[in-house]
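The lines below spell out each chain.
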Amino acid sequence: MGKIERIHSSLLSREVSCRELTEEYLSAIERDNSTLSAFVTVTEDCALETADKVDKKLSKGESIGMLSGVPMSIKDNISTKGIRTTCCSKMLWNYTPVYDATAYSRLKLQDAVLLGKNNMDEFAMGNTGENSCIAPSKNPFDMSRVTGGSSSGSACAVSSNLSVYSLGSDTGGSVRQPAAFCGLVGLKPTFGAVSRYGLIAYASSLEQIGPMATSVEDVSLVFDAISGKDVLDSTCNREYEESTFSHLNDSIKGKRVGIIREFSQGEHISSEVKEAVNKVVCTYEAMGANVVELTMPELLQAVPVYYIIACAEASSNLARYDGIRYGYRAQGDFQSVHELICRSRSEAFGKEVKRRILMGTNVLSGDKCSYYYDKAKLLKDNICRQFARAFEKCDVIITPTTPTPAFECNRKAESVELLCEDACAIPANLASLPAVNLPCGVSKTGLPIGVQIIGNKFCEALVLNMAYKYQQEAQLEFCTKWGVSQ
Amino acid sequence: MKYLMTAGLETHVELSTKSKMFCSCKTEFAGEPNSRCCPVCLGLPGSLPVINKQAVELAILAGLALNCKINTLSYMDRKNYSYPDLPKAYQISQYDVPLCYDGFIKLSSGKVIRISRIHIEEDAGKLVHNKNETLIDYNRCGVPLIEIVTEPDFSSSDEVREYVQMLQHLLRYIGVSDCRMQEGSMRCDVNVSVRPADSDKLGTRTEIKNMNSVANMVKALEYEYKRQTELLEKGESITQETLRFVESDGSTSPMRSKEDARDYRFFREPDLLPLHIGEAELKRIKENLPEMPSIKLERYVKEFGLSKTDAQHLIKYRRVSEFFDEVAKLTSDAKTASKLIIGQMFSLFSTEAQKEEFSVKVTPFQLSELVALLSSGKVNSSLAKTTLDKMLLSGKDVTDFLSAEDLKGFTKAELENLCAKAIEQSPSAVADFKGGKEKALMALVGFVMRESRGKANAETAKECLEKLLTDN
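Residues numbered from 1 in each chain as written. Chains lettered and ligands numbered in written order. Predicted model: local features only at pLDDT ≥ 70, side-chain atom pairs only at ≥ 80, totals over all residues.

A.B. asks: Summarise the overall build of chain B; cite the residues concerned and give the values.
C.D. replies: If you tally the helices and strands in chain B, you get 16 helices and 16 strands. The C-alpha atoms of chain B give 30 Å as radius of gyration, which overshoots the globular expectation for 472 residues (23 Å, by more than 25%). With the principal axes as the frame, chain B shows a C-alpha extent of 90 × 55 × 50 Å. For chain B, the residues scored as buried account for 38% of the 472 residues in total. When contacts within chain B are restricted to residue pairs at least 6 apart in sequence, those whose partners lie at least 24 apart make up 68%. (Helix = DSSP H or I, 4+ residues; strand = E, 2+ residues; numbered from the N terminus. Rg over C-alpha atoms; globule rule 2.2 N^0.38 Å. Buried ≥ 20, exposed ≤ 12 C-beta atoms within 10 Å, placed from the backbone. Contact = placed C-beta atoms within 7 Å.)

Here it is in C-alpha cells:
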C-alpha cells in the first residue's frame, strides 16, 4: 500500500486529523528546509485552510476522495492562483499568477493540501538543481551530491518526506532523473496526457507535468487525477477510459520487454547501473515476460536533437519576459524600450537560461535554421518512427534512467558529459512516450539507482502495471533521516 | 521614357468573430482599454492558445469567395519579434502552408488579379503615445485576422482602388468582415516598383505599410510612382525599404531599410495541432457561401431584365439583394419590385451602415402584394408610392391603406369618360394642343389625374387623350 492510501485510511478512521497531519509536515519543513532547500515558497495558510475544510467534511460524515487531505507540493513552474510562482528565477521572483494550472486545479478540486512550491533549476533548465536562483536542493542521501533536476526540489521534498508527492515537469528527464537520484518513482506521461495549461513553458513540444512519489501506487493515483482532456490545452485532447490504478496488479505474463543494445551495452553507462538494470530484466523474465533485444542507433543523436529543439522553443517562450508588464525590471532611466528590455533580461536571467536562449535564437536564425533546427526536426521524426517500429516487437522498453547514480555537486556545467547525463531519458520526450523511473538498486556508495520503463503512446497503465509488479517483487525501501517520521 | 508601375497588395482583414483568435475574450472595437483581456491574449506565463473554429470557417469562406484552393492540412507557426504591443513576443500566424492559396479576383476590365495566399493570424495590441509616456491597450490583441496576399499584378492605382473596393464589398457581403479601413478592421500594405516600358525586369520595390484608406493608398502609390520614376530618370537607384505614408503632405517616408529587416525565426506552433479541414466540413462551409455578387448581377440582368445599374445597386448590400430575391420569388414582376426597392426603400437610409443593415418594416410578401396591384394596373405609381411610404412607416399591409374603391381599379370606360370630360372643360388647352403646343396636353392629363383621385395611370391617360383629340 502506498503512502496516499495509508493517509487516506488514517484520515477516514480519524486516527489523525488532517490539520494534525498538515502541521506535522509544515513543522518538518520549517525544521529541514533551510538545510535541504526543497521549497522556494511554503504555503502554510493555504495548507491549513484546506486541511480544516477536509476535517470539516470528515466530521460531517461526507465522503472524501483518495487525494483529499494528503499533503503535497508542486514544482514552482506550475501556476498557482494567488501564490507566487517564480520558476526559481530572479525574473519571476515577484510574479503571482491570476489563474491555476489545470493539473493543480484538478488536485485542488479533490482538496489536496498544498504545502508549498518546490525549488527547481531556473525555468526548468538543468539537471542538477544548481541553476536555481536560490540555494540548490540537497540530495537527502548524500548532501555532497546533487538531487538531479530540473525538478530538484520536488525530488528532495518527497524523498526526505517533507511532502507525500509532488508534481514535477519533464522536458528532457526532469522528473525521471531526479527521481532516480533520490530513490523515487517519477512518471513522465505521454505528450498530451496531462494538460500543460499553466505550466510555464520551457520547451512546449517536449514537456509534460508528471507526479513524483515514493511508490507506484501513489504515482498512479496522482496521474489518474491530473490526466485527461482539457479544453484549455489543444494538445491534451484524450480521455482515458480506465484508471491506471485499476490495472496495477494485472498479470504481466507474456509481456514483451525490449532492451536497447545501445544502452544495455553502452560504454557511457556505468557498470553498476548496467548490472542493476539487467537484474530488473531478469526479474521480469522470471515473472513470465519475454525479453526482446532491440538496436536503435538513432538514439545516440537524441541529445543534440533535444538541445536544438528545446533551446529553439525556449528562445521563443522566454522572449515575453521583457520587464514591461510583470516580472523583473531593471532600475534607472532608459533611452528606449529596447534598452529597458535588454537590461532587465540581462540582469534577471541566470547563465544557463541565457545560454539556451542564445543557442535557440541562433539555431532558428536565417540560414542556420536549415542546418540545425530543420535537421533536428527530421531526426526527431526518425526517432519517433524507430520507436513505432520497436513497439511492434515489444510492449515496453527497459533502459537505465541515468548513466550513474547521483554525482557530486559543482560539476562543470559546460561539460558535454553533463549534457549526456540525460541521454537515456531524452528519447521518450522526443518520441512523446510515457516513461517512468523506478528505484531498482543501491550503489556501493549507498545511493539509489533507477531503471526506466518506456511504453507506447498513452500506455501509462501498462507502464505503471509493469513498475508495480517489479516493486512488489523487489520490495526496495529507501529511508532518509529527514522529514516527517515514517 | 515611359515608366510602368507594378504593385502587389497584402491586406489584413479583421474577421467578424464574436471572440478572439485563441481565447474567449470579446472582439468588439474600442471599449475601456485592457477590459477585454485574459491570461491567453495577454500572453501570461503558462497560458495556451485554443483555436477559434469560427475564425477558421470565416477564413475558408473568404478563400472560397476569392476562388482559392483550400489546404486540407495547414499549420500554425510562430513569428517571433519583440515589440511592446505583442505580449508573447511572437505572433501566431501561418508561414509555409497557409489555409487558402491560388485564388483570383476579376476586375471590371476583365483583368485577373491573382491571389497567392490567405492565411490566418492574430492581431497585436495598440500603443498610445502621449507626451512623456506610452500606454498599451491589449483589447485588440488576439483579434483574428486574415492576410490576403496578391501577386504583383497591378499596373495602376486605379486597379488597386478597384481591387480594394471589390474586396471590401465581397468580404462584407459574405459576412467575413466589416472591412472598415478607418477603424482598422482592414489595412493594406502596398509593394510598388517601376520599370522602363521597354524592360521586362521588375524594378526594386518599396513597401508602404498600414494604409488606412483607399484614397490614401491611391495618393501613396502615385507619390511613389513619381518618386521612383524621378530617381530612375536621374540615373539613381531605388533603395528597397519599408515606408510609411505621411498624411499631412501626401508623401512617403522610410520606416526601416532592408538591412535591419527582421528575422522572424518562424517555427511550427507547438501549442496547437495541425489544422485539418475535412471534406464534410469543407462541403458544409461551401453550402454557407451565398451566391456571389458577380453571378447574382448577371442573373438579375438575364432573368429579370434589370438594367446593369439597377442590378449593381441591388447587389451592393447583401441584405438588400436577399430582400429582393425574396420578393422576386413572390411576384412575376421583379423589375417593378426592384424600382421600388432602389428608389423608395433605399432612400430611407443615409449611412453605409444603415444601408448594410437594411432594416425595413415591410416584409418581402407585403411588398410583393403592392407590386401585384401596381403591375396589374389596379393602382398607379403615385398611389403606390404614397402607400409604400405609409407601409414603411407602419409595417402594415397594403390593404390597410387602400379603400375598396381604390382597389377596384380604374376601367377603360371610366378613363375614356374622364378624358372626354377634360377635353370638354378645358377648351383653351385643347386649342393650344391643336395649335402645336404638345405640352398643353399635360394640363389635360392633370385634370384626369385629379378627377380620378390619382387612380388613373398618367401614361394611359395621355394616350387616351391623344387618341380622342386626333380622332376628332
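There is more to say, and it comes next.
A.B. asks: I'd love a proper account of the interface of chain A and chain B, names of residues and values included.
C.D. replies: On the chain B side, the residues contacting the 32 residues of chain A number 22 residues. Looking at the side of chain A that touches chain B, the elements that each hand over two or more residues are helix H10 (302–317), helix H11 (337–348) and helix H12 (351–364) of chain A. Split into classes, the residues belonging to the side of chain A that touches chain B amount to 16 nonpolar, ten polar and six charged. (Nonpolar A, V, L, I, M, F, W, Y, C, P; charged D, E, K, R; others polar.)

A.B. asks: Residues and numbers for the confidence of the model for chain B, please.
C.D. replies: Counting all residues, the mean pLDDT for chain B is 90, and 97% of those residues have values of 70 or more. Interface predicted TM-score (ipTM) for the complex: 0.96; the corresponding pTM is 0.89. (pLDDT = per-residue confidence, 0-100.)

A.B. asks: How would you summarise the environment of Arg-385 of chain A if you had to cite specific residues and measurements?
C.D. replies: All names here are of chain A. Within the secondary structure, Arg-385 sits in helix H14 (residues 373–393). Given 12 C-beta atoms within a 10 Å radius, Arg-385 is considered exposed. Along the sequence, Arg-385 and Thr-41 sit 344 residues apart, while their C-alpha atoms lie 42 Å from each other.

A.B. asks: Run through H11 of chain A, naming residues and quoting values.
C.D. replies: Residue and element names in this part refer to chain A. Its twelve residues place the ends of H11 16 Å apart at the C-alpha level, agreeing with the 16 Å of an ideal helix rising 1.5 Å per residue. Residues of H11 that are buried include every one of Ile-341, Ser-344, Arg-345 and Ala-348, and no others. All buried residues of H11 lie within an arc of 95° about the axis, which places them on one face of the element. Across H11 from its buried face, at more than 90 degrees, point the exposed residues His-338 and Ser-346. (Expected span 1.5 Å × (residues − 1). Arc of directions from axis to C-beta.)

A.B. asks: Go over the domain arrangement of chain B, please, and point to the residues and values.
C.D. replies: All names here are of chain B. When its domains are assigned, chain B resolves into domain 1 (3–281), domain 2 (291–408) and domain 3 (412–471). Here the C-alpha centre of domain 3 lies 31 Å away from the C-alpha centre of domain 2. On the side of domain 3, four residues touch domain 2, which itself brings five residues to the contact. Each residue belonging to the side of domain 2 that touches domain 3 can be placed in one class, and the counts come to one nonpolar, three polar and one charged. (Domains from an automatic or database assignment.)

A.B. asks: Can you break down the environment of Ile-397 of chain A residue by residue, with the values?
C.D. replies: Residue and element names in this part refer to chain A. Within the secondary structure, Ile-397 is located in strand S9 (residues 396–400). The class of Ile-397 is buried, set by 28 C-beta atoms lying within 10 Å. Residues Ile-397 and Val-292, spaced 105 residues apart in sequence, show a C-alpha to C-alpha distance of 9.0 Å. In this view, Ile-397 contacts Gly-258, Ile-260, Ala-390 and Ile-454; residues no more than four positions away in its chain are not counted.

A.B. asks: Break down unusual backbone geometry for me, with residues and values.
C.D. replies: Going from Gly-149 of chain A to Ser-150 of chain A, the amide bond is cis rather than trans, its omega being 10°. Along the chain, the position of Ser-150 of chain A falls in the loop between strand S3 (113–118) and helix H5 (152–159). Positive phi, normally seen in glycine, also occurs at Ala-89 of chain B, with a value near 65°. Taking the number of C-beta atoms within 10 Å as the measure of exposure, Ala-89 of chain B has 21 and is therefore buried.

A.B. asks: Got a sec to walk through the sheet that holds strand S11 (residues 448–455) of chain A? Specific residues and values, please.
C.D. replies: Residue and element names in this part refer to chain A. Pairing is mixed in the open sheet, where eleven strands are placed in the order S1-S3-S2-S4-S6-S5-S10-S11-S9-S7-S8. Each edge of the sheet is formed by a strand with only one pairing partner; in this case those strands are strand S1 (39–42) and strand S8 (290–294). With strand direction ignored, the average angle separating the axes of adjacent strands in the sheet is 30°. Sheet analysis places S1 next to S3, joined by three bridges and oriented antiparallel. Residue Phe-39 lies in a different strand from S3, and its bridge partner there is Asn-118. Across the face of the sheet, helix H2 (residues 18–36) comes into contact with S1, strand S2 (71–75) and S3 while running at roughly 20° to S3. (Pairing = 2+ DSSP bridges. Axes fitted to C-alpha atoms, helices over the stretch in contact; angles between N-to-C directions.)

A.B. asks: Residues and numbers for the pairing of strand S6 (residues 208–213) of chain A, please.
C.D. replies: Most of S6 of chain A sits inside the fold, with six of its six residues counted as buried. Because side chains alternate across S6 of chain A, one face comprises the buried residues Gln-208, Gly-210 and Met-212 of chain A, and the other comprises Ile-209, Pro-211 and Ala-213 of chain A, equally buried.

A.B. asks: Any chance you could break down the packing of helix H2 (residues 157–173) of chain B against helix H3 (residues 214–233) of chain B for me, citing the residues and the numbers?
C.D. replies: Residue and element names in this part refer to chain B. At a closest axis distance of 9 Å, the pairing of H2 and H3 adopts a crossing angle of 155°. The orientation of H2 relative to H3 falls into the category roughly antiparallel. For H2 against H3, the interelement crossing comes out right-handed. On the side of H2, the interface is formed by Ser-157, Val-160, Arg-161, Val-164 and Gln-165, while H3 contributes Val-214, Met-217, Val-218, Leu-221 and Glu-222. Looking at the contact of H2 with H3 residue by residue, the classes come out as six nonpolar, two polar and two charged. (Parallel < 35°, antiparallel > 145°, perpendicular 65-115°, else oblique. Left-handed = near helix turned anticlockwise from the far one by under 90°.)

A.B. asks: Tell me about the packing of helix H7 (residues 216–226) of chain A against helix H17 (residues 460–474) of chain A, and name the residues and values.
C.D. replies: Residues and elements named next belong to chain A. One can describe the packing of H7 onto H17 by two numbers: an axis separation of 9 Å at closest approach and a directional angle of 160°. When the axes of H7 and H17 are compared, the pair comes out roughly antiparallel. When the axes of H7 and H17 are compared, the crossing they make is left-handed. Counted together, Val-216, Val-219, Ser-220 and Phe-223 of H7 and Glu-460, Leu-464, Ala-467, Tyr-468 and Gln-471 of H17 form the full contact between these two elements. Here the contact of H7 with H17 is built from residues that sort into six nonpolar, two polar and one charged.

A.B. asks: How would you sum up the sheet that holds strand S5 (residues 90–93) of chain B? Please name residues and give values.
C.D. replies: All names here are of chain B. Pairing in this open sheet of three strands is antiparallel, and the strands run S5-S4-S15 from one edge to the other. Each of the sheet's edge strands pairs with one partner strand only, and the pair in question is S5 and strand S15 (267–268). Pairing geometry for strand S4 (residues 77–80) and S15, over two bridges, is antiparallel. Across the sheet, the residue bridging to Arg-78 is Phe-267, located in S15.

A.B. asks: Any chance you could break down the nonpolar core for me, citing the residues and the numbers?
C.D. replies: In terms of nonpolar packing, the biggest core is built from 220 residues, with Ile-453 and Ala-467 of chain A together with Ala-59 of chain B touching the most fellow members. Considering every element that reaches this core, the biggest residue donor is H10 of chain A, with ten residues. Ignoring anything within four residues of it in the chain, the contact list for Ala-59 of chain B reads Leu-15, Leu-99, Cys-100, Ile-118, Ile-120 and Ile-146 of chain B. Within the second largest apolar cluster, 29 residues are counted, among which are Leu-306, Leu-314, Val-360 and Val-379 of chain B. (Core = buried A, V, L, I, M, F, W, Y, C linked by C-beta atoms within 7 Å.)

A.B. asks: Explain helix H3 (residues 44–59) of chain A to me, and be specific about the residues and the numbers.
C.D. replies: Residues and elements named next belong to chain A. End to end, H3 covers 22 Å across 16 residues, agreeing with the expected 22 Å (1.5 Å per residue, within 8%). When we look at burial in H3, the residues that qualify are Ala-47, Thr-50, Ala-51 and Val-54. Down the axis of H3, the smallest arc covering the buried residues is 105°, so these residues share one side. Those residues of H3 that are exposed and angled more than 90 degrees off the buried face are Asp-45, Lys-56 and Ser-59. The elements touched by buried residues of H3 are H2, S2 and S3. In the segment just after H3, Gly-61 is the residue with positive phi, at about 80°.

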